[in-house]
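Observations on the model geometry
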Amino acid sequence: MRLPLVTVLGECVADAFTVPAPTQGELALRVLPGGGPANTAVALARLGTPARLLARLSDDVFGRLFRSHMEASGVDLTAAIHAPEPSTLAIAELDAQGRAAYSFHAQGTADWQWTADELAMTDLASTACLHSGSLALVREPGDTVVEEFLARASATATISVDPNVRPLLVGLEVYRERLPRWCALADILRLSEDDLELLLPEYTIDRACDAWHAAGVPLVVITRGERGAVASLDGERVVVPAPLTDVVDTVGAGDSFTAGLLHHFGAKGLLGGRLTDLRVDDVFDACAFASQVAALTCGVVGPNPPWAGQLRLPAPAAGRTVR
């Protein structure tokens with residue numbers, strides 16, 4: 001059975017990790033292809049979901065790395081733009097728990113230069129789900145046309161948004177102002193607990209879910225690292241435990257979780273509209289699957305999601321918990 005097409009719109013970023021330098025006084029970097037939307041597209045394709053990436057890819061050395069990585073993972077790049085601007089570079093420093101802190105080199109880079117004409121060329125007729133978010137939705141000058149594209153796609157496709165908040169590049173007030181609009185457009189909002197603390201620092205998870213449901217989004221999923229995830233479907237909530245795993249780093253884990261969620265929904269025939277047939281048991285099962293995909297990503301260096309054949313983690317030990 002062929003699964004439905006998921007189109008992902010957003011950036012590809014060169015993730016550079018510090019590694020031991022051969023000579024004192026030097027800094028050595030290991031560069032891996034990354035960027036939240038790109039990671040999600042790769043994870044979807046590796047799981048077996050047809051995944052098309054709408055991205056503006058530079059023809060520089062990083063852009064060539066992106067294309068090679070995407071194509072090797074099975075991502076459809078036929079709608080990607082050959083961009084004259086340089087690629088975005090992110091320098092990642094890992095803490096003792098494998099969590100990354102980033103500094104960005106993103107001024108005038110290819111990812112943010114979307115025009116209405118470029119996106120107007122995209123045929124959405126076969127797209128069951130459009131996923132976007134991260135910096136593509138908030139970085140000028142392309143942010144407005146990307147949001148307009150999501151609004152157009154919402155007429156026929158399930159819309160998934162991951163804010164992936166980056167306050168070093170975009171002020172928190174921008175995310176806070178736009179998030180209600182994204183909730184009005186989206187069917188699925190997936191974000192991390194860190195994102196929640198940045199966006200609504202005085203809100204509990206329950207209060208935040210209620211606020212976002214009131215703004216229009218039916219499904220909210222908040223990932224909490226080793227403490228699993230909380231999902232809320234129109235106010236009916238479940239807690240999903242995370243599998244035990246040896247964490248190398250957490251880079252790309254949230255993106256892999258989103259891919260696992262969308263893949264599972266697609267395999268169950270739930271994508272392609274407003275999620276009217278979705279039930280809370282479906283949400284729990286999808287989040288449990290997505291947690292396994294994210295756990296395997298945490299077990300390797302960088303944003304390197306698993307292939308379908310690697311999904312051999314045991315199911316979470318705890319059962320479904322209702323909040």
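Described in the following lines is the structure provided in the data block. Remember, it's a predicted structure, so these values are computed and weren't measured experimentally. (Residues numbered from 1 in each chain as written. Predicted model: local features only at pLDDT ≥ 70, side-chain atom pairs only at ≥ 80, totals over all residues. Heavy atoms only, no water.)

**A word on the overall build of the protein chain**
Helices and strands together make up the secondary structure of the protein chain, namely nine helices and 15 strands. Expected size for 323 residues packed as a compact globule is a radius of gyration near 20 Å; at 18 Å, the protein chain falls within 12% of this value. Buried positions account for 58% of the 323 residues belonging to the protein chain. In the protein chain, of all internal contacts separated by at least 6 residues, the share reaching a separation of at least 24 is 71%. Split by element, the accessible area of the protein chain, about 13,400 Å² in all, is 52% carbon and sulfur. Taken as two groups, the 25 positive and 39 negative side-chain charges of the protein chain have centres that lie 4 Å from each other. (Helix = DSSP H or I, 4+ residues; strand = E, 2+ residues; numbered from the N terminus. Rg over C-alpha atoms; globule rule 2.2 N^0.38 Å. Buried < 20%, exposed > 50% of the residue type's maximum accessible area, 1.4 Å probe, protein only. Contact = heavy atoms within 4.5 Å. Areas by Shrake-Rupley, 256 points an atom, 1.4 Å probe, with all protein chains shown as cover. Lys, Arg positive; Asp, Glu negative; His and termini not counted. Charge placed at Lys NZ, Arg CZ, Asp CG, Glu CD.)

**Looking at helix α1 (residues 36–47)**
Given a rise of 1.5 Å per residue, twelve residues ought to cover 16 Å, and the 17 Å separating the end C-alpha atoms of α1 matches this to within 8%. Burial analysis of α1 places twelve of its twelve residues in the buried class, which makes it a mostly covered element. Taken as a whole, α1 has its buried residues at Gly36, Pro37, Ala38, Asn39, Thr40, Ala41, Val42, Ala43, Leu44, Ala45, Arg46 and Leu47. Trailing α1 by a residue or two, Gly48 shows a phi angle of about 110 degrees, which is positive. (Expected span 1.5 Å × (residues − 1).)

**Re unusual backbone geometry**
Geometrically, the link from Glu140 to Pro141 is a cis peptide bond, its omega value of 5 degrees lying close to zero. Relative to the assigned elements, Pro141 resides in the loop between β9 (127–133) and α4 (143–153). For Asn164, which is not glycine, the phi torsion reads 45 degrees and is therefore positive. A positive phi is found at Asp234, a non-glycine position, where the angle reads about 50 degrees.

**Things to note about the pairing of β9**
A regular strand places its side chains on the two faces of the sheet in alternate fashion. Burial analysis of β9 places seven of its seven residues in the buried class, the great majority of the element. Inspection of the sheet shows strand β1 (residues 5–9) paired to β9 by four bridges, in the parallel sense. Paired with Leu5 across the two strands is Thr127, which belongs to β9. Where β9 meets strand β10 (residues 158–162), five bridges bridge the pair, whose relative direction is parallel. Bridge assignment links Leu130 to a residue of β10, and that residue is Ile159. (Pairing = 2+ DSSP bridges.)

**A few points about a nonpolar patch on the surface**
Together, Leu27, Leu29, Val31 and Leu65 line one region of the surface with nonpolar side chains, adding up to about 320 Å² of accessible area. Summarising the element assignment, Leu27 is placed in the loop between β2 (13–19) and β3 (28–34). (Patch = residues over 30% accessible without salt bridge, like charges linked within 9 Å, V, L, I, M, F, W, Y side chains within 5 Å. Salt bridge = Lys/Arg side-chain N within 4 Å of Asp/Glu carboxyl O.)

**Notes on the pattern of salt bridges**
With the rule as written, the count across this model stands at eleven salt bridges. With a shortest N-O distance of 2.7 Å, Asp143 and Arg178 are connected by a salt bridge. With Asp143 in helix α4 and Arg178 in helix α5 (residues 172–185), this pair connects stretches of sequence that are 35 residues apart. What makes Arg178 buried here is its relative accessible area of 13%. Asp187 serves as the salt-bridge partner of Arg274, at 2.7 Å between the closest nitrogen and oxygen. With Arg274 in the loop between α8 (253–267) and α9 (280–298) and Asp187 in the loop between α5 and β11 (188–192), the pair connects residues that are 87 residues apart, well separated along the chain. Connected through shared salt-bridge partners, Asp143, Glu147, Glu177, Arg178 and Arg181 make up one network.

**What to know about the side chain of Ser192**
Locating Ser192 in the fold gives a position in strand β11. A polar contact of 3.0 Å, which involves the side chain of Ser192, links it to the backbone nitrogen of Asp195. (Polar contact = N/O pair within 3.5 Å; in protein donor to acceptor, adjacent residues only side chain to side chain.)

**Some thoughts on the sheet that holds strand β8 (residues 100–105)**
Taken in spatial order, the four strands of this open sheet run β3-β2-β7-β8, and their pairing is mixed. Where the open sheet ends on each side, the last strands, each with one partner, are β3 and β8. Direction aside, the axes of adjacent strands within the sheet are offset by 30 degrees on average. Direction of pairing for β2 relative to strand β7 (residues 88–94): parallel, over a ladder of five bridges. (Axes fitted to C-alpha atoms, helices over the stretch in contact; angles between N-to-C directions.)

Coordinates in, geometry out; function isn't part of it.
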